[in-house]
Amino acid sequence: MKTETHNPKNTSQEHLLNFYTTFNQIKEQYFDALIITGAPVELLDFNSVHYWKELCDIMEWSKTHAFSTVHICWAAFAGLYYHYGIQKQVLDKKMFGIFPHKINAINHPLLKGFDDIFMVPHSRYTGVKMEDIETNPNLALLAYSDIAGAYIVADRTNRQILLQVTLSTTGTRSRMSICVTWKRAYR
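These remarks concern the structure in this document. (Residues numbered from 1 in each chain as written. Predicted model: local features only at pLDDT ≥ 70, side-chain atom pairs only at ≥ 80, totals over all residues. Heavy atoms only, no water.)

## Some remarks on the nonpolar core
By size, the foremost hydrophobic cluster in this structure holds 34 residues, and its most contacted members are Trp52, Trp74, Leu80, Ile133 and Val153. Of all the secondary structure elements, the ones that give two or more residues to this core are helix 2 (23-26), strand 1 (31-36), helix 3 (52-65), helix 4 (74-84), strand 5 (139-145) and strand 6 (149-155). Discounting chain neighbours no more than four positions away, the residues touching Val153 are Leu80, Ile133, Leu139, Ala140, Leu141, Gln160, Ile161 and Leu162. Among the nonpolar cores identified, the runner-up in size contains 15 residues, and Cys73, Leu111, Tyr151 and Ala154 belong to it. (Core = buried A, V, L, I, M, F, W, Y, C linked by side-chain atoms within 4.5 Å. Buried < 20%, exposed > 50% of the residue type's maximum accessible area, 1.4 Å probe, protein only. Helix = DSSP H or I, 4+ residues; strand = E, 2+ residues; numbered from the N terminus. Contact = heavy atoms within 4.5 Å.)

Right, here's the structure in full:
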């Protein structure tokens, strides 16, 4: 799915027509999963992102039409802000590198099979305060780094998963993507 209020500069219209749909085309359907990825708008205020209202509509819709939603990269900050009011913080300098992370919820099913310490790449200018997550009764900090901060956050129902990591920033092809999958009718 792509937002209707944003046309990517680096993806052909033919590709978008062949492989993407819009929110209006699927909003009456139910899905097992929704994945919202990042966008190169990290330093903008959320309300300054020209498709913010449409993204908010999609995130609200996900509460009743997707069994689970995974927010990745900038979308993790957007999800934390939209769903829980947690503000992103601009860092003093760019967080860049591969850092050790620790499991904070050993028995959580999402982390089954993870090593106690695992490495994760980061490339970002913003973050969130771990205490904002830890003091929110609706959220659980599942994994973190002493250097890079919060990494995997989930709501208490495991329906909203938020990953603060850069996965889709390959040069000028960076764009926000929304992926929906289904196997059964979720209601």
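Still to come is the rest of the account.
## So, the pairing of strand 3 (residues 89-103)
Relative to strand 4 (residues 117-127), strand 3 runs antiparallel, the two being bridged by 10 bridges. Counterpart to His101 in the pairing with strand 4 is Phe118. One ladder, built from two bridges, connects strand 3 with strand 5; its direction is antiparallel. Along strand 5, the bridge assignment pairs Lys102 with Tyr144. (Pairing = 2+ DSSP bridges.)

## Overview of the packing of aromatic side chains
Tallied over the entire structure, the rule returns nine aromatic pairs. Between the aromatic rings of Phe46 and Trp74, the centroid separation amounts to 5.9 Å while the plane-to-plane angle is 45 degrees, which identifies the pairing as tilted. You can see Phe46 sitting in the loop between strand 1 and helix 3 and its partner Trp74 sitting in helix 4, a full 28 residues away along the chain. A relative accessible area of 1% places Trp74 in the buried class. Among the aromatic residues, those joined into a cluster by ring pairs are Phe46, Trp52, Trp74 and Tyr81. Note that Lys88 overlies the ring of Phe46, its terminal NZ or CZ placed 4.4 Å from the centroid. When the ring centre of Phe67 is taken as reference, the NZ or CZ atom of Arg159 above it lies at 5.7 Å. (Phe/Tyr/Trp six-rings, centres within 6.5 Å; stacked < 30°, edge-to-face > 60°. Lys NZ or Arg CZ within 6 Å of the ring centre and 35° of its normal.)

## A few points about the packing of helix 3 against helix 4
Relative to each other, helix 3 and helix 4 sit at 70 degrees, their axes nearing to 11 Å. As far as their axial angle goes, helix 4 and helix 3 are roughly perpendicular. Across the interface between the two elements, Trp52, Leu55, Cys56, Met59, Glu60 and Lys63 of helix 3 pack against Trp74, Ala78, Gly79, Tyr81, Tyr82 and His83 of helix 4. Broken down by class, the residue content of the contact of helix 3 with helix 4 amounts to eight nonpolar, two polar and two charged. (Axes fitted to C-alpha atoms, helices over the stretch in contact; angles between N-to-C directions. Parallel < 35°, antiparallel > 145°, perpendicular 65-115°, else oblique. Nonpolar A, V, L, I, M, F, W, Y, C, P; charged D, E, K, R; others polar.)

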